[in-house]
Amino acid sequence: MTKKVKRRKFNIKKFSLFIFFLLCIIIGIYYLLKMPIKNIIISGTYYLSDEFIIEASGIENYPSFIKTTKTSLEKKLKTIDIIKDVQIHKKWGGILEIEVTEKKILFVERSTGKYILEDKTEEDLTYQINGIPTLINFVVDDIKDKLIEKLSEVDYEVITKISEIEYSPTTYDEERFILYMNDENTVYITLNKIDEFKKYIEIKKQLEGKKGILYLDSGNYFEIKE
């Protein structure tokens, strides 16, 4: 006796719903892949502009948020000489946060044109950095190393107020320097008293706009310019 095989009736309604949901998923994935970066937030920079960071990252045209990976951005930015570290955060809504940690630039040597960084590296930067002091004369290596160590302890805001650094040793103090400030003041400093110079912004407020010479090498006093 032969069995009768029942044939299931093709359910066009269920098939149509399946195709509809499948298309929705495909369209949703396509939309997510094509969705551009909508907002770029950059923090932690002092020397480098937001525009520079965006161009160096290759995201100036706001590419796909999904396809732009954190690893690729970090790799590109870490090739920049003065960047110490980068943290990338991607947030819902196409928001990309780039948190940068820069190496502190202490001064540029007039004789070589090299920028001296806090880690004692010397860089030929191909991009312009404003507000960096210029070391205008030769400094022997051991004193120069100590200068770098001491200046690396000073805040960005104070360093950028220095226009020029002159090595000016005396017979009793081989670590003396003259700092020519952007505000037209002059500071005499010895490296062992760099902690006093860290307070320059507070000291300047006490000067009440007066211009002159601040002696931090031997005693702490201010001589007003006539």
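Relevant structure appears above.
Residues numbered from 1 in each chain as written. Predicted model: local features only at pLDDT ≥ 70, side-chain atom pairs only at ≥ 80, totals over all residues. Heavy atoms only, no water.

1. Describing the sheet that holds strand β10 (residues 186-190)
One open sheet holds the nine strands; their spatial order is β6-β5-β4-β7-β8-β9-β10-β11-β12, and the pairing between them is mixed. In the strand order of this sheet, the two ends are held by β6 (122-123) and β12 (221-224), each with one partner. The sheet contact formed by strand β5 (residues 115-117) and β6 spans two bridges and is antiparallel. Bridge pairing in β6 links Y115 to E123. Packing against the sheet, helix α4 (residues 141-151) makes contact with β4 (105-109), β5, β6, β8 (162-167) and β9 (176-181), and its axis sits at approximately 145° to β4. (Pairing = 2+ DSSP bridges. Helix = DSSP H or I, 4+ residues; strand = E, 2+ residues; numbered from the N terminus. Contact = heavy atoms within 4.5 Å. Axes fitted to C-alpha atoms, helices over the stretch in contact; angles between N-to-C directions.)

2. A short note on the pattern of salt bridges
Applying the stated criterion to the full structure yields 16 salt bridges. Among the ionic pairs, E149 bridges to K120, the shortest N-O distance being 3.1 Å. Residue E149 is located in helix α4, and its partner K120 is located in the loop between β5 and β6; the two are separated by 29 residues in the primary sequence. As a salt-bridge pair, K198 and D195 come within 3.0 Å of each other at their nearest N and O atoms. (Salt bridge = Lys/Arg side-chain N within 4 Å of Asp/Glu carboxyl O.)

3. Some words on the side chain of D217
Within the secondary structure, D217 is located in the loop between β11 (212-216) and β12. Not counting residues within four places of it along the chain, the set of residues in contact with D217 comprises R176, Y188, I189, T190 and K193.

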